[in-house]
Amino acid sequence: MSRTGIHPTAIIDPAAQLDDGVEVGPYAIIGAKVKIGRDTRVGPHTVIYGRTTIGTDNVIFHHASVGALPQDLKYHGEDSELIIGDRNTIREFTTLHLGTEGGGMVTRVGNDNLLMNYTHVAHDCVVGDHNIVANGTQLAGHVTLTDYCIIGALAGIHQFARIGESALIGAGSMVSQDVAPFCNATGDRAKLFGLNAIGLKRRGFTAEHLRQLKQAYKIMFESKLQVAEAAAQIRKELPGIPEVERFVAFIESSERGVCR
């Protein structure tokens, strides 16, 4: 490790592993089990502890807390992990916790995510890629965000809930059940308000994609069919469409039930 970019007031355990190009700001603290990849920047007063692995080109702003012990009374000191991928932006006062034995021992954050100020990512969460999580959002333990989700400010996601691909959660929402892919959910408790059409267009979904997903949405949520019946009808009317299949498969695999 080159000392270039390491502020003299930073406290870095000799056992920590920092790759070339890592920058560490004033008064940051980095523990012994931490590994940080190339060209990641750690802001002033940031604390990174635990068995935490951080990939390349991340930007961690000042006063973030990364790799702290879980807020779970069932945690008894097991040597669990936090794994963060590449090109993430972790803003001020964000907190990310280690996993627990009850959740597979790992909290994971993928690539290209934006976690805004005061976001909390609890133990055993799985955050995929390209998610935008706005200020003050709280992810309880074991929450899953898939990819391209947008979570509005001050939202709260119940433990074990899953947020599907390209779902939009409105600001201030309390989400107690799974939110199906491509959908817009808002409220306390969150309810569906159609598709996240704007987000899908920004991802490059065509008008035909939107028409197909809208048809699947109507069959699943606006008919009186049970989930299994609706899934069978969707597959009959819209066969072989990957986006539709992901929509249906997510709902079929739900254990908490889905927002309606």
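See the structure printed just above.
Note that the structure is predicted; figures quoted are calculated from it, not measured. (Residues numbered from 1 in each chain as written. Predicted model: local features only at pLDDT ≥ 70, side-chain atom pairs only at ≥ 80, totals over all residues. Heavy atoms only, no water.)

1. Some details on the packing of helix 2 (residues 207-222) against helix 3 (residues 227-237)
Now for step 1: Following both chains from N to C, one finds helix 2 and helix 3 inclined at 155 degrees, their axes separated by 8 Å at the closest point. Taken together, the axes of helix 2 and helix 3 lie roughly antiparallel to each other. Seen from above, helix 2 lies across helix 3 with right-handed handedness. For the pair helix 2 and helix 3, contact is made by Gln 215, Ala 216, Ile 219 and Met 220 and by Val 227, Ala 230, Ala 231, Gln 233, Ile 234 and Glu 237, respectively. (Axes fitted to C-alpha atoms, helices over the stretch in contact; angles between N-to-C directions. Helix = DSSP H or I, 4+ residues; strand = E, 2+ residues; numbered from the N terminus. Parallel < 35°, antiparallel > 145°, perpendicular 65-115°, else oblique. Left-handed = near helix turned anticlockwise from the far one by under 90°. Contact = heavy atoms within 4.5 Å.)

2. Brief notes about the environment of Glu 243
Now for step 1: With respect to the helices and strands, the residue Glu 243 is situated in helix 4 (residues 242-252).
Now for step 2: Separated by 78 residues in the primary sequence, Glu 243 and Glu 165 place their C-alpha atoms 9.7 Å from one another.
Now for step 3: Apart from the residues within four sequence positions on either side, Glu 243 is in contact with Phe 182, Phe 205, His 209 and Leu 213.

3. What about the nonpolar core?
Now for step 1: One finds Val 24, Ile 163, Phe 221 and Phe 247 to be the most contacted residues of the largest nonpolar core, which totals 69 residues.
Now for step 2: Of all the secondary structure elements, the ones that give two or more residues to this core are strand 11 (81-84), strand 26 (183-187), strand 27 (190-195), helix 2, helix 3 and helix 4.
Now for step 3: Apart from residues no more than four positions distant in its own chain, Phe 247 is found in contact with Ala 180, Pro 181, Phe 182, Cys 183, Ala 216, Tyr 217, Met 220, Phe 221 and Ile 234. (Core = buried A, V, L, I, M, F, W, Y, C linked by side-chain atoms within 4.5 Å. Buried < 20%, exposed > 50% of the residue type's maximum accessible area, 1.4 Å probe, protein only.)

4. Overview of helix 3
Now for step 1: Residues Ala 230, Ala 231 and Ile 234 constitute the buried set of helix 3. Angular distribution of buried residues about the axis of helix 3 spans 100 degrees; they occupy a single face of the element. Exposed positions of helix 3 whose direction lies more than 90 degrees from the buried face are Ala 228 and Lys 236.
Now for step 2: Of the surrounding elements, those touching the buried residues of helix 3 are helix 2 and helix 4. (Arc of directions from axis to C-beta.)

5. Here we look at the sheet that holds strand 3 (residues 23-24)
Now for step 1: Read across the open sheet, the 10 strands follow the order 3-6-9-12-15-18-21-24-26-27; overall the sheet is mixed. Looking at the sheet topology across the chains shown, the edges are occupied by strand 3 and strand 27.
Now for step 2: Strand direction decides the pairing type here: strand 3 and strand 6 (residues 41-42), joined by two bridges, are parallel. Pairing of Glu 23 across the sheet is with Arg 41, part of strand 6.
Now for step 3: Against the sheet, helix 2 touches strand 26 and strand 27, its axis set at about 140 degrees to strand 27. (Pairing = 2+ DSSP bridges.)

6. A short note on the sheet that holds strand 22 (residues 156-157)
Now for step 1: Strand order in the open sheet formed by nine strands is 1-4-7-10-13-16-19-22-25, with parallel pairing between adjacent strands. Since the sheet does not close on itself, it has two edges, and those belong to strand 1 (11-12) and strand 25 (174-175), each with one partner.
Now for step 2: Taken together, the two bridges between strand 19 (residues 138-139) and strand 22 define a ladder with parallel strand orientation. Looking across to strand 22, one finds that Leu 139 is bridged to Ile 157.

7. Here we look at unusual backbone geometry
Now for step 1: For the bond running from Asp 188 to Arg 189, omega is -15 degrees, close enough to zero to count as cis.
Now for step 2: Mapping Arg 189 onto the fold places it in the loop between strand 26 and strand 27.
Now for step 3: In this model, His 45 sits at a positive phi of 65 degrees, which is unusual for a non-glycine residue.
Now for step 4: As for its position among the elements, His 45 is in the loop between strand 6 and strand 7 (47-48).
Now for step 5: Although it is not a glycine, Phe 182 adopts a positive phi angle of roughly 75 degrees.

8. Focus: the environment of Gly 77
Now for step 1: Locating Gly 77 in the fold gives a position in the loop between strand 10 (65-68) and strand 11.
Now for step 2: You can call Gly 77 exposed: its relative accessible area is 54%.
Now for step 3: Spatially, the C-alpha atom of Gly 77 lies 23 Å from that of Gln 138, the residues being 61 residues apart in sequence.

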